[in-house]
Amino acid sequence: MDLGKIERGVRLILEGIGEDPEREGLRKTPARVARMYAEVCAGLTEDPHQHFETLFDEHHQEMVLVRDIPFYSMCEHHLAPFFGKAHVAYIPSADGKICGLSKLARLVEVFAKRPQVQERLTSQIADTLVRELQPQGVIVVIEAEHMCMSMRGVKKPGSQTTTSSVRGTFKTHQATRNEAMHLIFAHRG
Ligand SMILES: Nc1nc2c(ncn2[C@@H]2O[C@H](COP(=O)(O)OP(=O)(O)OP(=O)(O)O)[C@@H](O)[C@H]2O)c(=O)[nH]1
Ligand SMILES: [Zn+2]
């Protein structure tokens, strides 16, 4: 990550909007923003595989669901935040390979912390789980609000975008898919 380059860019933006980057309140802003971008885009330099080096053998042939995983990402069109909740479910492989529950949330983080579109975020999580766990099925549902739609442009605060990526059994077996959707959404009444 080239922090100096980001700093120079932020300084140019400040000049571009007619601000004085040398005034007291803004003097450290380019450096702060550079550190912020390094943090919110840290997933670009992370390999999701690192989170799946430790797996457990457990003959659990039913669904595992972690619901309501909060995330923050950056829309790649406007570099404005989009944020919400991810729900990640899988059915372990026939030979019974499971991962630590936190790893599902870590996977969301790796792909959220980079310039994204919600559709790709959803499918990257699903496809990585397929690759790492060879599960019988995976379903990923993401609900998010996009600041580029809330505070600018079409200005529709509160609008929620839902995306899903469905693999394996969840795709071929309607009842299994319905069960996952029920577990994800039913608690909302
Ligand atoms: N499919 C998809 N679109 C997104 C996402 N985040 C933002 N967008 C959209 O990206 C589009 C970019 O459209 P453009 O017409 O190039 O940009 P714009 O003129 O700023 O568009 P407006 O937002 O409509 O003002 C907008 O419609 C955004 O709502 C996302 O995660 N997925
Ligand atoms: Zn946007």
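Quick caveat, the model's predicted, so the values are computed rather than measured.

Enquirer: Help me get a handle on the UniProt feature "binding site: Zn(2+)" (unreviewed entry) in the protein, residues and values and all.
Expert: When the UniProt feature table is mapped to this numbering, "binding site: Zn(2+)" (unreviewed entry) covers Cys-75, His-78 and Cys-148. Taking the farthest pair of C-alpha atoms as the criterion, the annotated set spanning 74 residues converges on one region, since that pair is 7.8 Å apart. With respect to the secondary-structure elements, Cys-75 resides in strand E2 (residues 64–75). Those residues within four positions of Cys-75 in sequence are excluded, and the remaining contacts are Ala-80, Phe-82, Gln-116, His-146 and Cys-148. For His-78, the location among the structural elements is in the loop between E2 and strand E3 (81–91).

Enquirer: An account of helix H7 (residues 174–185) is needed here, citing residue identities and associated values.
Expert: Given 3.6 residues per turn, any residue in an α-helix points the same way as the ones three and four places further on. Taking 1.5 Å as the rise per residue, H7 with 12 residues should run 16 Å; its terminal C-alpha atoms sit 16 Å apart, in good agreement. Inspection of H7 places Thr-176, Ala-180 and Ile-184 among the buried residues, and these make up the whole buried set. Taken down its axis, H7 places every buried residue within 75 degrees of arc, on the same side. Exposed residues on H7 whose side chains face more than 90 degrees from its buried face are Gln-174, Ala-175, Asn-178 and His-182. Its buried side turned inward, H7 meets E2, E3, strand E6 (137–146) and helix H6 (169–172).

Enquirer: Would you mind going over the domain arrangement of the protein in detail, with residue names and values included?
Expert: Segmenting the protein into domains produces domain 1 (3–40) and domain 2 (54–188). With centres defined by C-alpha atoms, the gap from domain 1 to domain 2 works out at 33 Å.

Enquirer: Quick rundown of the packing of helix H3 (residues 101–112) against helix H4 (residues 118–133)? Include the residues and the values.
Expert: Running from N to C, H3 and H4 cross one another at 135 degrees; their axes reach a closest spacing of 9 Å. Taken together, the axis directions place H3 and H4 in an arrangement best described as oblique. For the element pair H3 and H4, the recorded crossing hand is right-handed. Touching Leu-107, Val-108, Phe-111 and Ala-112 of H3 are Leu-121, Gln-124, Ile-125, Thr-128 and Leu-129, all from H4. Split into classes, the residues belonging to the contact of H3 with H4 amount to 7 nonpolar, 2 polar and no charged.

Enquirer: Provide a residue-level description of the UniProt feature "domain: GTP cyclohydrolase I" (unreviewed entry) in the protein, including the pertinent values.
Expert: Taking the numbering used here, the UniProt-annotated feature "domain: GTP cyclohydrolase I" (unreviewed entry) corresponds to residues 6–184. Between the C-alpha atoms that bound residues 6–184 the distance is 39 Å, and the span itself is 39% helix and 27% strand.

Enquirer: Go over the site of ligand 1, please, and point to the residues and values.
Expert: Around ligand 1 sit Cys-75, His-77, Val-117, Gln-118, Glu-119, His-146, Cys-148, Met-149, Gly-153 and Val-154, and that is every residue in its neighbourhood. Elements supplying a minimum of two residues to the shell around ligand 1: H4 and helix H5 (147–150). Looking at side-chain class alone, the shell around ligand 1 contains 5 nonpolar, 4 polar and 1 charged residues.

So, how was this worked out
Along each chain, numbering runs from 1 in the same order as the chain's sequence is written. To label them, take the chains in the order written and letter them from A, then take the ligands in the order written and number them from 1. Local features in a predicted model are, by the rule used here, given only for residues with pLDDT of at least 70; side-chain atom pairs are given and counted only at 80 or more, and totals for whole chains, interfaces and linings are based on all residues. UniProt positions are given in the numbering used here, feature names are shortened, and annotations may be inferred rather than shown by experiment. Counting from the N terminus, the helices are the DSSP runs of H or I reaching at least four residues and the strands are the DSSP runs of E reaching at least two. In this description, any two residues whose backbone-derived C-beta atoms lie within 7 Å of each other are considered to be in contact. For a helix, the expected span equals 1.5 Å multiplied by the residue count minus one. The burial criterion counts other C-beta atoms lying within 10 Å of a residue's C-beta, which is placed from the backbone; the residue is buried at 20 or more, exposed at 12 or fewer, and partly exposed between these limits. As used here, the arc is the angular range of directions from the helix axis to the C-beta atoms. Note that domain bounds follow an automatic or database assignment of domains. All axes here are fitted lines through C-alpha atoms, helices being fitted over the stretch that makes contact, and every angle between N-to-C directions spans 0 to 180 degrees. By definition in this entry, angles of less than 35 degrees are roughly parallel, angles greater than 145 are roughly antiparallel, angles of 65 to 115 are roughly perpendicular, and the rest are oblique. The hand of a helix crossing depends on one turn: near helix anticlockwise from the far one by less than a right angle means left-handed, and clockwise means right-handed. The residue classification treats Ala, Val, Leu, Ile, Met, Phe, Trp, Tyr, Cys and Pro as nonpolar and Asp, Glu, Lys and Arg as charged. All others, Gly included, are polar. For each residue, a C-beta atom is positioned from the backbone; the residue is called near a molecule or strand if that atom sits within 6 Å of it.

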